[in-house]
Amino acid sequence: KNQVEQSPQSLIILEGKNCTLQCNYTVSPFSNLRWYKQDTGRGPVSLTIMTFSENTKSNGRYTATLDADTKQSSLHITASQLSDSASYICVVSGPPGETSGSRLTFGEGTQLTVNP
Amino acid sequence: EADIYQTPRYLVIGTGKKITLECSQTMGHDKMYWYQQDPGMELHLIHYSYGVNSTEKGDLSSESTVSRIRTEHFPLTLESARPSHTSQYLCASSEGYNSPLHFGNGTRLTVT
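Residues numbered from 1 in each chain as written. Chains lettered and ligands numbered in written order. Predicted model: local features only at pLDDT ≥ 70, side-chain atom pairs only at ≥ 80, totals over all residues. Heavy atoms only, no water.

S.K.: Is there a simple way to explain the nonpolar core in this structure?
M.R.: Burial of nonpolar side chains together is a common tendency in soluble globular proteins. One finds Tyr25, Leu33, Trp35, Leu75, Tyr88 and Val92 of chain A to be the most contacted residues of the largest nonpolar core, which totals 23 residues. Of all the secondary-structure elements, those providing two or more residues to this core are strand 3 (19-25), strand 4 (32-38), strand 5 (45-51), strand 7 (62-67), strand 8 (72-77), strand 9 (86-93) and strand 11 (110-115) of chain A. Grouped together as the second largest cluster of nonpolar side chains are 17 residues, Trp34, Ile46, Leu76 and Cys91 of chain B included. (Core = buried A, V, L, I, M, F, W, Y, C linked by side-chain atoms within 4.5 Å. Buried < 20%, exposed > 50% of the residue type's maximum accessible area, 1.4 Å probe, protein only. Helix = DSSP H or I, 4+ residues; strand = E, 2+ residues; numbered from the N terminus.)

And the structure:
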């Protein structure tokens, strides 16, 4: 069964600090890996999408890395802000097929809290 | 900011009632999805559509139904709500298979 495991489950940091969130997956074959940010009570918002040929992709203070050989990804947040408090969800996509609509596998997310 | 809207945002209803959760997008996306998400848990796909008159069931068994009569509209209906349907329902759309999903802000449903 395709799985996406995220760690840590929750993380508390002080404003201004950096942090790194981890994502391990077993989805194969693999098409792309996505990171989403979900604020409490809101829908997820896309941060990055990386294909298997991309090692890193940045979006402002967010930098995602991908190692397709070890099936690992990380999301690094630089100089954290209070507004970064949210759940960060790793999503892995397999290739299109007969059941293309269900080819996204979601992780449970890492709940990040940034304190002043 | 993505233009995808869900109504109502919150809904509390009694067991046995029929309800329809609305989802509309103004981006002209062909692909639309309904996900169910319990607190602290991953999203589970319950329905998807690749275009008008196309609907498919997702991975999670659901007693709901959907329709896609217009590109911009993808409503989800529960014929007879039960307490087990209490959850958050998220609607999303995308331009293509490798494009990001654009989510609405969800409907939080409570069935008493």
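Moving on from the model shown.
S.K.: It is not clear to me how the sheet that holds strand 3 of chain A should be interpreted in this structure. Could you clarify?
M.R.: Think of a sheet as strands paired side by side through backbone hydrogen bonds, with each pair either parallel or antiparallel. Residues and elements named next belong to chain A. Across the sheet, 5 strands lie side by side as 1-3-8-7-6; this open sheet has antiparallel pairing. A strand with exactly one partner marks an edge of an open sheet, and here the two such strands are strand 1 (4-7) and strand 6 (56-59). Strand-to-strand twist in this sheet, taken as the mean axis angle between neighbours without regard to direction, amounts to 15°. Pairing geometry for strand 1 and strand 3, over 4 bridges, is antiparallel. Within the sheet, the bridge partner assigned to Gln6 lies in strand 3 and is Cys23. (Pairing = 2+ DSSP bridges. Axes fitted to C-alpha atoms, helices over the stretch in contact; angles between N-to-C directions.)

S.K.: Any chance you could explain the interface of chain B and chain A here in plain terms?
M.R.: Accessible area lost on assembly of the parts is the figure often given for the size of an interface. Contact with chain B, which involves 22 residues of that partner, is made by 23 residues of chain A. For the pair chain B and chain A, the summed buried surface comes to about 1,800 Å²; carbon and sulfur atoms form 49% of the total. At the boundary of chain B with chain A, the tally comes to 0 salt bridges. One can count 6 residue pairs in polar contact (both at pLDDT 80 or more) joining chain B with chain A. (Contact = heavy atoms within 4.5 Å. Buried area = accessible area lost by both parts, 1.4 Å probe. Salt bridge = Lys/Arg side-chain N within 4 Å of Asp/Glu carboxyl O. Polar contact = N/O pair within 3.5 Å; in protein donor to acceptor, adjacent residues only side chain to side chain.)

S.K.: Honestly, the environment of Thr107 of chain B in this entry has me stumped. Any pointers?
M.R.: Residue and element names in this part refer to chain B. Tracing the sequence through the fold places Thr107 in strand 11 (residues 107-111). Thr107 gets classed as buried once you look at its relative accessible area, which sits at 0%. Separated by 99 residues in sequence, Thr107 and Pro8 place their C-alpha atoms 5.9 Å apart. Those residues in contact with Thr107 that lie beyond four places of it in its chain are Gln6, Thr7, Pro8, Arg9, Leu21, Ser87, Gln88 and Tyr89. Here Pro8 takes part through its backbone oxygen, which lies 2.5 Å from a polar atom of the side chain of Thr107.

S.K.: Got a minute to help me understand the pattern of salt bridges in this structure?
M.R.: Side chains carrying opposite charge are able to pair once their charged atoms draw close together. Per the stated rule, a full pass over the model turns up 6 salt bridges over all chains. Of the charged contacts, one joins Glu54 of chain A and Lys57 of chain A as a salt bridge, the two residues approaching to 3.2 Å between their closest N and O atoms. Lys57 of chain A sits in the partly exposed class, given a relative accessible area of 29%. Two residues, Arg82 of chain B and Glu63 of chain B, come together in a salt bridge whose shortest N-O distance is 2.6 Å.

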